[in-house]
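Here are the chains, one letter per residue:
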Amino acid sequence: IEPRRSWIDKLRQGLRKTGSSIAQVFTGTQIDDALYEELEAALLMADTGVKATEHLLADLKRRVKDAKATAPSAVRGLLIEALADLLRPLEKSLAVGRHSPTVMMVVGVNGAGKTTSIGKLTRHLAEADQKILLAAADTFRAAAREQLAVWADRTQVEIVSQEGGDPSAVTFDAVTAGRARGCDVVIADTAGRLPTQLHLMEELKKIKRVIGKAQDGAPHEVLLVIDGNTGQNALAQVKTFDDAIGLTGLIVTKLDGTAKGGVLAAIARERAIPVYFIGVGEKLEDLQTFNAREFAQALLE
Ligand code: GDP
């Protein structure tokens with residue numbers, strides 16, 4: 001396990017692209033309308049979105065007044081506070097152990113980092129002595145199945161996989177097998193895109209329904225993986241998936257190299273679904289729990 005410092009550094013290095021333009025705003029000598037205008041532009045550039053930007057600016061002005069701040073450098077500290085407060089509702093840890101097994105359905109568009117995140121999550125849970133079963137419910141893409149099998153091998157966990165076939169049938173089998181084998185967690189990887197004649201959301205709804213038939217009350221988690229580097233597009237995905245199937249948590253990947261880190265503020269403001277984990281690299285250990293204060297500092301300091 002890497003020392004804690006090193007991943008915060010990765011996050012900070014990544015977010016520097018986002019933060020440097022914001023930091024520029026505080027190099028002047030006075031707090032005036034021009035400063036707030038520049039800040040507004042920089043926040044929007046970082047994909048913070050109109051609503052979260054308005055919220056942050058109003059909150060910041062209040063804090064500046066209360067603190068009787070006169071130097072732009074002090075404003076930066078107050079913005080960190082405001083952003084941390086905005087992001088705090090996203091902090092939540094993923095609970096396991098309440099069900100046998102806890103069933104997680106993982107969704108997201110291709111390329112978001114879904115399979116990699118499942119691999120990282122599997123390792124994270126295996127380290128906490130959880131017995132895990134993976135379900136390869138993306139039966140459409142051979143590469144997706146193969147990639148998941150590689151992660152299963154790497155993390156030494158079992159996998160239920162079937163070439164072709166019905167994704168919900170594979171998931172049903174996996175949940176049933178997970179119960180029979182006394183697994184603690186079943187994680188189902190789903191497709192990010194379907195052959196054109198099929199509709200992704202309908203497919204995901206069906207998988208979700210069938211999981212409920214295999215085990216009462218399941219799935220316990222519906223996790224969406226989004227690429228943090230896609231900014232406002234990631235927010236649109238959160239809304240679309242949440243409206244269609246109901247999300248319980250997010251994993252935000254690729255925060256080690258983005259100029260759009262502000263999107264988390266947009267998510268907090270517009271669809272505050274907990275961020276269970278953030279991805280800060282391609283390696284197994286590059287999955288970290290989300291902390292609002294650390295994120296705000298990494299972005300703005
Ligand atoms: P999927 O299609 O959603 O399953 O996406 P993959 O898991 O295959 O990931 C797509 C690409 O993104 C791969 O090259 C991954 O190594 C990379 N990736 C995933 N998560 C991260 C992350 O947190 N940081 C970086 N830099 N790359 C990532």
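Before reading on, note that the structure itself is shown above.
Treat the numbers as computed from the prediction; the structure is a model and nothing was measured.

Undergrad: I'd love a proper account of the packing of aromatic side chains, names of residues and values included.
TA: Applying the stated criterion to the full structure yields one aromatic pair. Measuring from centroid to centroid gives 5.7 Å for F290 and F295, while their planes differ by 55°, and the two rings are tilted. For F295, a relative accessible area of 1% corresponds to the buried category. Looking at K61, its charged tip hangs above the ring of Y36, at a distance of 4.9 Å from the centre. Positioned above the aromatic ring of W151 is the side chain of R154, whose terminal nitrogen or guanidinium carbon lies 4.4 Å from the ring centre.

Undergrad: An account of the packing of helix 2 (residues 33-45) against helix 3 (residues 50-67) is requested, with residue identities and associated values reported.
TA: Taken N-terminus to C-terminus, the directions of helix 2 and helix 3 make an angle of 145°; their axes are 10 Å apart at the nearest point. For the crossing formed where helix 2 meets helix 3, the hand is right-handed. Two secondary-structure elements touch here, helix 2 through Y36, L39, E40, L43 and L44 and helix 3 through V50, T53, L56, L57, L60, K61 and V64. Its residues assigned to classes, the contact of helix 2 with helix 3 shows nine nonpolar, one polar and two charged.

Undergrad: Help me get a handle on the pattern of salt bridges, residues and values and all.
TA: Under the criterion given, the structure shown has 17 salt bridges. Between R63 and D59 there is a salt bridge whose closest N-O contact spans 3.1 Å. On the criterion of helical spacing, the pair formed by R63 and D59 is a turn pair, its members being four residues apart in helix 3. With relative accessibility at 9%, the residue D59 sits in the buried group. One salt bridge in this structure joins K206 and D166, with 3.5 Å as the shortest N-O distance. Here D166 lies in the loop between strand 3 (158-160) and helix 7 (167-180) and K206 lies in helix 8 (residues 200-214), a separation of 40 residues in the sequence. Among the ionic contacts, a cluster of salt bridges with common partners joins D59, R62, R63, D85 and R88.

Undergrad: Describe the sheet that holds strand 1 (residues 102-107), naming the residues involved and giving the relevant values.
TA: Neighbouring strands of a sheet are bound in pairs by backbone hydrogen bonds; such pairs are parallel or else antiparallel. Reading across the sheet, the eight strands line up as 3-2-4-1-5-6-7-8 and stay open at both edges, with mixed pairing between neighbours. One side of each edge strand has no neighbouring strand; the edge strands of this open sheet are strand 3 and strand 8 (287-289). Sheet twist, expressed as the mean angle between neighbouring strand axes with direction ignored, is 25°. In terms of strand pairing, strand 1 meets strand 5 (residues 221-227) through four bridges, oriented parallel. Among the inter-strand pairings, M104 is bridged to a residue of strand 5, identified as E221. Docked against the sheet, helix 7 engages strand 1, strand 2 (132-136), strand 3 and strand 4 (185-189), running at close to 170° with respect to strand 2.

Undergrad: Now, about the site of the ligand: what can you tell me, with residues and values included?
TA: Near the ligand lie 17 residues; those nearest to it are G111, K114, T115, T116 and E282. In the model, an oxygen atom of the ligand is placed 2.9 Å from a nitrogen or oxygen of the G113 main chain. Coverage of the ligand by the protein chains reaches 79% of its 580 Å² of free accessible surface. Sorting elements by how many residues they give to the shell around the ligand places helix 5 (residues 114-127) first, with four residues. Broken down by class, the residue content of the shell around the ligand amounts to three nonpolar, nine polar and five charged.

What counts, and at which threshold
- Residues numbered from 1 in each chain as written.
- Predicted model: local features only at pLDDT ≥ 70, side-chain atom pairs only at ≥ 80, totals over all residues.
- Heavy atoms only, no water.
- Phe/Tyr/Trp six-rings, centres within 6.5 Å; stacked < 30°, edge-to-face > 60°.
- Buried < 20%, exposed > 50% of the residue type's maximum accessible area, 1.4 Å probe, protein only.
- Lys NZ or Arg CZ within 6 Å of the ring centre and 35° of its normal.
- Axes fitted to C-alpha atoms, helices over the stretch in contact; angles between N-to-C directions.
- Helix = DSSP H or I, 4+ residues; strand = E, 2+ residues; numbered from the N terminus.
- Left-handed = near helix turned anticlockwise from the far one by under 90°.
- Contact = heavy atoms within 4.5 Å.
- Nonpolar A, V, L, I, M, F, W, Y, C, P; charged D, E, K, R; others polar.
- Salt bridge = Lys/Arg side-chain N within 4 Å of Asp/Glu carboxyl O.
- Pairing = 2+ DSSP bridges.
- Near = heavy atom within 4 Å.
- Polar contact = N/O pair within 3.5 Å; in protein donor to acceptor, adjacent residues only side chain to side chain.
- Areas by Shrake-Rupley, 256 points an atom, 1.4 Å probe, with all protein chains shown as cover.

In short, shape yes, function no, at least from these values alone.
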